[in-house]
Amino acid sequence: MTEEDYRIKWKNTGPIEIKMIEKHGKCKHQLGDTFQYETP
């Protein structure tokens, strides 16, 4: 994949949502918290 191909794929990737399903150590977030990102 060329750099140009990569940038096109990145541009066409929509928003993603992630959900916290495990917790290790200290963290201000809680299990089940979700986060949305406009780009991956």
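Residues numbered from 1 in each chain as written. Predicted model: local features only at pLDDT ≥ 70, side-chain atom pairs only at ≥ 80, totals over all residues. Heavy atoms only, no water.

K.L.:
Would you mind going over the pattern of salt bridges in detail, with residue names and values included?
P.N.:
For the structure on display, the rule yields 1 salt bridge. Close ionic contact of Arg7 with Glu3 constitutes a salt bridge, the shortest N to O distance being 2.9 Å. One end of the pair, Arg7, and the other, Glu3, are both in helix 1 (residues 3–12), 4 residues apart, so they sit about a helical turn from each other. (Salt bridge = Lys/Arg side-chain N within 4 Å of Asp/Glu carboxyl O. Helix = DSSP H or I, 4+ residues; strand = E, 2+ residues; numbered from the N terminus.)

K.L.:
I'd love a proper account of a nonpolar patch on the surface, names of residues and values included.
P.N.:
Residues Met1, Tyr6 and Trp10 make up a contiguous nonpolar surface patch of roughly 370 Å² in combined accessible area. With respect to the helices and strands, the residue Tyr6 is situated in helix 1. Overall, Tyr6 belongs to the partly exposed group, its relative accessible area being 43%. (Patch = residues over 30% accessible without salt bridge, like charges linked within 9 Å, V, L, I, M, F, W, Y side chains within 5 Å. Areas by Shrake-Rupley, 256 points an atom, 1.4 Å probe, with all protein chains shown as cover. Buried < 20%, exposed > 50% of the residue type's maximum accessible area, 1.4 Å probe, protein only.)

K.L.:
How would you sum up the environment of Glu3? Please name residues and give values.
P.N.:
Look at Glu3 and you get partly exposed, because its relative accessible area is 48%. Put simply, Glu3 and Gln30 are 27 residues apart on the chain and 37 Å apart in space, counted from C-alpha to C-alpha. Among the polar contacts made by the side chain of Glu3, one reaches the side chain of Arg7 at a distance of 2.9 Å. (Polar contact = N/O pair within 3.5 Å; in protein donor to acceptor, adjacent residues only side chain to side chain.)

K.L.:
I'd like a description of the packing of aromatic side chains, backed by residues and values.
P.N.:
The full count for this structure, using the stated rule, is 1 aromatic pair. With 6.2 Å between their ring centres and 35 degrees between their planes, Tyr6 and Trp10 make a pair best called tilted. Of the two residues, Tyr6 and Trp10 are both situated in helix 1; the distance of 4 residues between them amounts to about one turn of the helix. A relative accessible area of 35% means that Trp10 is categorised as partly exposed. (Phe/Tyr/Trp six-rings, centres within 6.5 Å; stacked < 30°, edge-to-face > 60°.)

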